[in-house]
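Overview (structure and organization)
Chain residues, written in single-letter form:
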Amino acid sequence: MARALINVPAQAKRGEIITIKTLISHTMETGFRHTSVGATIPRDIITTFTCTYNGEEIFRADLFPAMAANPFITFTTIATGSGTLVFNWTGDNGFTATESSTITVE
Amino acid sequence: MTRWAQRSVLVALVVSATTASAQIPQSELRSGYADLGRDTKAMQDDDTTNPGMLWALDGEALWKTKAGNAERSCADCHGDAKQTMKGVSARYPAFEGTLGRPINLDQRINLCRAQQQQARPFSYESKELLALSTYIGLQSRGEKLNPPSDPRMQPSLNAGKELFSRRVGQLNLSCAQCHDDNWGKKLAGNTVPQGHPNGYPLYRLEWQSLGSLQRRLRNCMIGMRAEPYEYGSTEYVDLEVYLTSRGRGLPVETPAVRP
């Protein structure tokens, strides 16, 4: 199972800009490499990352073969209300991973 | 004596002076962390951005997983790693009485697997072995490297020291020429580090993965165009014994991040 590390502030003031950091374990095999006998190593990457905040999508990224292994994605959003942030990664070979995090907004 | 002969004597003197390298004094010891860029430092300092923590999480799960014919987990004998493994990696390699030689942490884990769990040992650099050694190493983070002063380890320490200053490979270089004599200077735009073992296993951006100290040593040997030793060989363990004694007092940074 893929491991993910999420950093969302536990508390924030309404209207405050918060930074969210995500890190997930994935080899991000480019599909351009070959084995010692010349066979192509098939591509195996994460292709899409999304983040929803209380059900509303606030961030989306498409990932490509040039991304490093264990992709680290950080972004900011405005703390609009208490609730849940859900992070979703999807990729080649049916890869999916979901993590969530709660935030209290005063 | 001709002028040419005089000059070659002088050259010979200079060469012999530079090859007699001295060990770095305790007051000048510096971890490779000190030479990192701001971004890499930030990556290591925050446990939610340090990719090595992904291995530590896997290791934590493995610590509690029952394995082998004995149906036992690490936790069944050792309990909570946060208490029982504190400071352990800082004093490895250590002498193993039954084998009659020092072993490193990876070999200790595999001995435990073979003897206590009656399970198949992990192969070197496998994800499982790295995960467990990272998780165990993490419990010693901040502790100072404290190699055992066991007289039975003296032959290994001497052998490691000899290996460290022995010229090898097509480039005819020794470890000491870079890491004792020229640390702090530049090699192809990078600062030559003192070469301490306090961050291992560590996440190397170049590898896009976590690796052991032996993988790093293998890397250096390939760089010197020497034939690397086998993983787990006596030579590598001897070198580890010497490196730990050489870096005595530096804080454990496992899992460190290096470029």
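First, a word on what this report is: a plain description of the structure on this page. (Residues numbered from 1 in each chain as written. Chains lettered and ligands numbered in written order. Predicted model: local features only at pLDDT ≥ 70, side-chain atom pairs only at ≥ 80, totals over all residues.)

Time to look at the overall build of chain B. Helix and strand counts for chain B stand at eleven helices and seven strands. A globule of 259 residues ought to have a C-alpha radius of gyration of about 18 Å, and chain B, at 20 Å, matches this closely. Projected onto its principal axes, the C-alpha positions of chain B cover 80 × 45 × 30 Å. Relative to all contacts within chain B whose residues are 6 or more apart in sequence, the contacts with residues 24 or more apart total 74%. (Helix = DSSP H or I, 4+ residues; strand = E, 2+ residues; numbered from the N terminus. Rg over C-alpha atoms; globule rule 2.2 N^0.38 Å. Contact = placed C-beta atoms within 7 Å.)

So, on to the nonpolar core. The biggest cluster of nonpolar side chains holds 46 residues, and the ones touching the most others in it are Trp55(B), Ala131(B), Leu132(B), Tyr135(B), Leu202(B), Leu239(B) and Tyr242(B). Here this core gets seven residues from one element, more than from any other, and that element is helix α7 (residues 127–138) of chain B. Excluding residues within four positions of it along the chain, Tyr135(B) makes contact with Ala56(B), Gly59(B), Glu60(B), Trp63(B) and Ala81(B). Cys51(A), Ala79(A), Leu85(A) and Phe87(A) belong to the second-largest nonpolar core, a separate cluster that totals eight residues. (Core = buried A, V, L, I, M, F, W, Y, C linked by C-beta atoms within 7 Å. Buried ≥ 20, exposed ≤ 12 C-beta atoms within 10 Å, placed from the backbone.)

Right, let's get into the interface of chain B and chain A. Taken together, the contact between chain B and chain A spans nine residues of the former and eleven residues of the latter. With four residues, the top contributor of residues to the side of chain B that touches chain A is helix α3 (residues 52–63) of chain B. Class assignment for the residues of the side of chain B that touches chain A results in four nonpolar, four polar and one charged. (Nonpolar A, V, L, I, M, F, W, Y, C, P; charged D, E, K, R; others polar.)

All names here are of chain B. The end-to-end C-alpha distance of α7 is 16 Å, a good match for the 16 Å that twelve residues give at a rise of 1.5 Å each. Taking burial as the measure, the twelve residues of α7 include ten buried ones, the bulk of the element. Those residues of α7 hidden inside the fold are in contact with α3, α5 (81–84), α6 (105–115) and β6 (209–211). (Expected span 1.5 Å × (residues − 1).)

Moving on: the sheet that holds strand β6 (residues 72–78) of chain A. Residue and element names in this part refer to chain A. The strand order across the open sheet built from three strands is β1-β3-β6, with neighbouring strands paired in antiparallel fashion. Strand pairing shows two members of the sheet lacking a second neighbour, β1 (4–7) and β6, which therefore form its edges. Averaged over all neighbouring strand pairs, the angle between strand axes comes to 15°, with direction disregarded. (Pairing = 2+ DSSP bridges. Axes fitted to C-alpha atoms, helices over the stretch in contact; angles between N-to-C directions.)

The subject of this paragraph is unusual backbone geometry. Residues and elements named next belong to chain B. Cis geometry marks the peptide bond from Tyr92 to Pro93, where omega comes out at 0°. In this fold, Pro93 is placed in the loop between α5 and β1 (94–96). The backbone of Glu71 shows a phi angle near 55°, a positive value even though the residue is not glycine. With respect to the element layout, Glu71 can be found in the loop between α3 and α4 (74–78). Judged by local crowding, Glu71 falls into the exposed class, with 11 C-beta atoms found within 10 Å.

Bridging between strand β4 (residues 46–53) of chain A and strand β7 (residues 83–91) of chain A involves seven bridges; their strand directions are antiparallel. Residue Thr48(A) lies in a different strand from β7(A), and its bridge partner there is Thr90(A).

The next subject is the sheet that holds β4(A). Residues and elements named next belong to chain A. Pairing within the open sheet is mixed, and its five strands lie in the order β2-β8-β7-β4-β5. Two strands lie at the open edges of the sheet, namely β2 (11–12) and β5 (56–62), each paired on one side alone. Note that β4 and β5 share six bridges and pair antiparallel. What sits directly across from Phe49, in β5, is Ala61.

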